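The residues making up each chain are set out below.
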Amino acid sequence: MAQQCYQCHGPDAATRQADLRLDQRGSAMEHVVPGKPRDSELYRRLVSSDPDFRMPPPTAEHQPTLAEIGTLRRWIELDAPWEDLWSLQPIEKPDLPEVRQADWPANAIDFFTLAKMEANGLQPAEPASRHQWLRRVTFDLTGLPPTPKEIERYLADDSPKAESKVIQRLLASPAYGEHFAREWLDLGRYADTHGYSIDSHRDMWRYREWVIEALNENMPFDQFTIDQLAGDLLPDPTIDQLTATGFHRNTPVNDENGAFDEEYRHAYVVDRVNTTGTVWLGMTLACAQCHDHKYDPISQRDFYQMAAYFDNVDEKGLDGALGNAVPVIKSPTKAQRRQLTQLKADREQAQAAIAGMLADEYVNMPAWEDSARREGRAALVEESQLLAKCGFDQLPIDSDVISLEGEAILVPGKVEQALLGNGNLHLALKRKKPGVISLSVWLYPTIDRPQTLYAAQLADGSKVELNQTGGDFDLVQTSPQGDVRRWHAKTTQWETNLWQHVAVTIDPTSPADSAIWVRGKRLVLKPETEIEEASVEAVREPPEPSEALLAARGLIDQVRIDGRRWSDEEVAVLAGGNPIAQLLAIPPRQRSAEETSRLKRYYLQETEAEFVRLEKVIADRGYEIERLEAEYPETMVMLEQTDPRTSHIRVRGAWDQLGDVVEPMVPTQLFNAAAKGQNDRLQLAHWLVHEKNPLTARVIVNRYWAHYFGTGLVKTVEDFGTRGELPSHPELLDYLANDLIASGWDLKRLQNLIVSSNTYRQSSHVGEEAYREDPDNRLLTRGPRLRLTAEEIRDQALAASGLLVRTVGGPSVKPYQPSGLWEEISTGQQFSAQAYDQEHGERLYRRSLYTYWKRSSPPPNMSAFDAPNREICVAQRSRTNTPMQALVLLNDVTFVEAAKVLASEVLQGQRFERDPAIEEAFLRVVSRPITREELTLLVQLHRRELARFARDEQAVKDLLSEGETHVEPSPELAAMTVVCHTILNLDEAVTTP
């Protein structure tokens, strides 16, 4: 009925005819007489020969088959029992079924699968060999092959717990999180570029790293869900929880000229609804974007009520021209956070030690005061982070850090010569990356007109300027998107035609922490509360980073620039003051505690080397902290707008056709339960992982089952609706879903249960008759035999050869790729990620998970093996077999180089003995010992190739020059390389047995 009748008599009210709903029992049964097909109008209309009475009409596109009509007749004859959609029924824990072969089950899974086999007159297959099982489970849990040592250790363990030990080791491996992160990134449409026509660069690798860490730590799936959908709405969210919300910032982002901002912002919201429906509900919510769902109980209103949860993300429709699209945060890695903790601890320890020394009394201090008073002792400003210090007595300036830009005119200054500034002349500052800078200068203003003391243009397109007009100082930050933030300070001590000292400490990456001093006194820098939204189009071309100083009007003299923050006392010294003399002039009994402490600090600086060392530790650690924080990676996150948007139904799905206003609401007809939260994404997240939700646990269990067996218990992993397939083992699905919830959403427990079962342990090698009886293995009468994924094929070659770099996490890498692919689709070098710059060294050999993913041109050697472009959520990759795949394995430099290095490794390891070297290479790749017949064939190949290479020295060099790893060329190594390359191309090498 769903296939033939729901178009006119289903959930979609817009196309419903005759007010008849065949998807609802009450309406449908009005036209059915249980037990009597001929008295049932529903049946009579199906079989009628009268074109005016028959349904569907003879002109309808879809017509029921005779078999379908027969099924409907038998259903009515059986009194027309009605069942609602199976996936929306509560999850009940079924009892274990009785089986005749009671000694076969290893755990609960086996009772359900064996009962199904026995009900169909079938038997389970024999167990896979130990080599086969180890290769299968190692790839399934880590995406990598077992090493020869791991094979040897497992074979030597004949204890009953041998398999359990292997499983626990693999689940604890860092490679586990990397492997399953790949599947989650397909769901989350993770990529390193924005997509659409420009497809420029974005930084989201910290989200990928969070996924790996969460999976390795076995974060409960309900928390895994909440953090990603609403981590920013949790009380006092951590950096990790904010980073996790990148799941729904992975959507493609557009920045094309002429596009409508709201059109694409709405597209991102729609993408989030569709992705959420696929990932957690297994429902095709996208079918309700333009109208009520044709088959499932989801209305268009439901779709936009769910969209309202995502409608308030504080983002723009057109963004990302120069990098990440707002909102963004700085997301330090765990290593950086540990480093920060240690630096702060070192600084606090030094500060505590200094506080102790300042609290002590010193009997020699009065004598020091007398001496200092007589000598007129002055304080000094230390120069450990000095970048430049100059007057203008000689030009050009002798400095690698600053240079004079513009025509210089020298006039008498405060100390000998000074520059005469006209507002255009300025100093250019040259340094590798922006960070904290402190500037001291003597100015002689001749007019109160605007002048720029500091201007920075950063690589991400943002700008920072400090402008002065008389006694008014304005600090302005302009974001890459054109939004403006301002801070203001004012002094009444500014005069023209007088030498005055100005000092500034500013960090262009964090201007809110800036400081301004005039005549040695710190000004109050107040932020303006309003943020000015961009009134013009944001900068689209990557700017040239630059920093400029002192585009002033008047005289400029005695410039000093430090790469650290200055204290008030240091600025007072630079301004010509003498804090020591001022303190000494106050009688000891009249000094405040703060004044006494300051003077004691000067005393200790002159008399105690340990005090000086501790101050240096504090200053150094402060500088290291600032430098570390400047290196924090940025990542895109979800954050809510302060003023909520008004959400609408979009008529026929058109972004600019606004219908009724809607509020955030979950589709209660799927699952009706009160969810914690206040009509926000946190409420949605709690609803999705509510223990009574019938969909989420089933969907997750099914997807993991598909990972191990190639096909889910529900074959349509992305569709648990009316048009999806029924589960092959419904009781098993519910048992595992119930167990997942009861275990606290423990994913490793679920997978341990699956791979520990005898169902999983079965051999995939069965006779022709067994294949004919269960061709698609829906009855699970044999073990899974699956082609490796694109990432597994490449990673296996790297691992077997010893090239694989197993560092976990970090930014994406750019290994080998045919030249010119990106350039063919480039929109211009003014944008990022338009030309492929291959990297070198260890970055060529990272796991494929870390390969740079450009949506419009994904890694070609992985696209050939069915990797998606990551533009949309993909719940399950297809598995194809094409000639292109063979060409990749034969010709891609990664596999040729891996064969070369593998050949070198096994030859050296086996002391250049041919047969043992071939045996080791075969074991490394295929994970089992080579047979005598196989060895004979490969020895023949080796002899033939050795004779060819002995005659052709250039062929040896050509083959062994593939890739950047150097090996000493020889005919023997070239011949063994061909043998290893052949092994890497075996069907058994690209499958799990």
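The model shown is predicted, which means the values in this text are computed figures rather than measured ones.

Participant: Which parts of the structure should I look at to understand the overall build of the protein?
Facilitator: Scanning the protein from terminus to terminus reveals 35 helices and 20 strands. Projected onto its principal axes, the C-alpha positions of the protein cover 115 × 80 × 60 Å. Here the protein holds 993 residues, and the buried ones make up 54% of them. Considering only residue pairs separated by 6 or more positions, the protein has 71% of its internal contacts joining residues 24 or more positions apart. Surface accessibility of the protein: about 44,400 Å² in total, with carbon and sulfur atoms responsible for 50%. Here the protein contributes 110 positive and 151 negative side-chain charges, whose respective centroids are spaced 2 Å apart.

Participant: Hey, could you run me through the pairing of strand 17 (residues 553–562) in this one?
Facilitator: In summary, the side chains of a regular strand alternate between the two faces of the sheet. Taken across its 10 residues, strand 17 has eight buried, putting it largely inside the fold. Both strand 2 (residues 386–390) and strand 17 contribute to a ladder of four bridges, which runs antiparallel. Its bridge partner being in strand 17, K389 is matched across the sheet by R560. Note that strand 5 (residues 417–422) and strand 17 share four bridges and pair antiparallel. Bridge pairing in strand 17 links N422 to R553. Relative to strand 17, strand 7 (residues 437–445) runs antiparallel, the two being bridged by seven bridges. Paired with L443 across the two strands is I556, which belongs to strand 17.

Participant: What is the right way to look at the confidence of the model for the protein in this model?
Facilitator: Detailed reading of the predicted coordinates is not advisable wherever pLDDT falls low. On average, residues of the protein score 93 in pLDDT, and 99% of them are at 70 or above. Counting contacts from residues 535–539, a segment whose pLDDT is below 50, to residues more than four positions away or on other chains yields seven contacts.

Participant: Would you take a moment to explain the nonpolar core for this structure?
Facilitator: What tends to happen in soluble globular proteins is that the nonpolar side chains get buried as a cluster. Membership of the largest hydrophobic core comes to 110 residues, with the highest contact counts inside it found for V137 and W184. Excluding residues within four positions of it along the chain, W184 makes contact with Y207, V211, F221, F224, Q228, F247, V279, W280 and R703. Residues I793, A899, A917 and L959 belong to the second largest nonpolar core, which totals 50 residues.

Participant: Would you mind going over the packing of helix 33 (residues 932–951) against helix 34 (residues 953–960) with me for this structure?
Facilitator: For any two helices packed against each other, one specifies the inter-axial angle together with the distance between the axes. Interaxial distance between helix 33 and helix 34 falls to 5 Å at its minimum, and their mutual angle equals 110 degrees. Considering their axes alone, helix 33 and helix 34 lie roughly perpendicular with respect to each other. Contacts between helix 33 and helix 34 involve R948, F949 and R951 from the former and E953, A955, V956 and L959 from the latter. Grouping the constituent residues of the contact of helix 33 with helix 34 by class yields four nonpolar, no polar and three charged.

Participant: Would you explain the side chain of D292 in this entry?
Facilitator: Note that D292 resides in the loop between helix 13 (261–281) and helix 14 (300–310). Among the residues examined, D292 registers a relative accessible area of 17% and is labelled buried. Among the polar contacts made by the side chain of D292, one reaches the main-chain amide nitrogen of Q300 at a distance of 2.7 Å. Excluding residues that lie within four positions of it along the chain, D292 makes contacts with P11, D12, A13, C287, I298, S299 and Q300.

Participant: Sorry, what's going on with the pattern of salt bridges here?
Facilitator: On inspection of all chains with the given rule, the structure shows 65 salt bridges. One salt bridge connects R519 with E495, and the closest N-O pair in it is separated by 3.5 Å. In this pair, R519 is assigned in the loop between strand 13 (515–518) and strand 14 (521–522) and E495 in the loop between strand 11 (484–490) and strand 12 (500–506), connecting sequence segments 24 residues apart. Since its relative accessible area comes to 31%, R519 is described here as partly exposed.

Procedures and definitions
Residues numbered from 1 in each chain as written. Predicted model: local features only at pLDDT ≥ 70, side-chain atom pairs only at ≥ 80, totals over all residues. Heavy atoms only, no water. Helix = DSSP H or I, 4+ residues; strand = E, 2+ residues; numbered from the N terminus. Buried < 20%, exposed > 50% of the residue type's maximum accessible area, 1.4 Å probe, protein only. Contact = heavy atoms within 4.5 Å. Areas by Shrake-Rupley, 256 points an atom, 1.4 Å probe, with all protein chains shown as cover. Lys, Arg positive; Asp, Glu negative; His and termini not counted. Charge placed at Lys NZ, Arg CZ, Asp CG, Glu CD. Pairing = 2+ DSSP bridges. pLDDT = per-residue confidence, 0-100. Core = buried A, V, L, I, M, F, W, Y, C linked by side-chain atoms within 4.5 Å. Axes fitted to C-alpha atoms, helices over the stretch in contact; angles between N-to-C directions. Parallel < 35°, antiparallel > 145°, perpendicular 65-115°, else oblique. Nonpolar A, V, L, I, M, F, W, Y, C, P; charged D, E, K, R; others polar. Polar contact = N/O pair within 3.5 Å; in protein donor to acceptor, adjacent residues only side chain to side chain. Salt bridge = Lys/Arg side-chain N within 4 Å of Asp/Glu carboxyl O.

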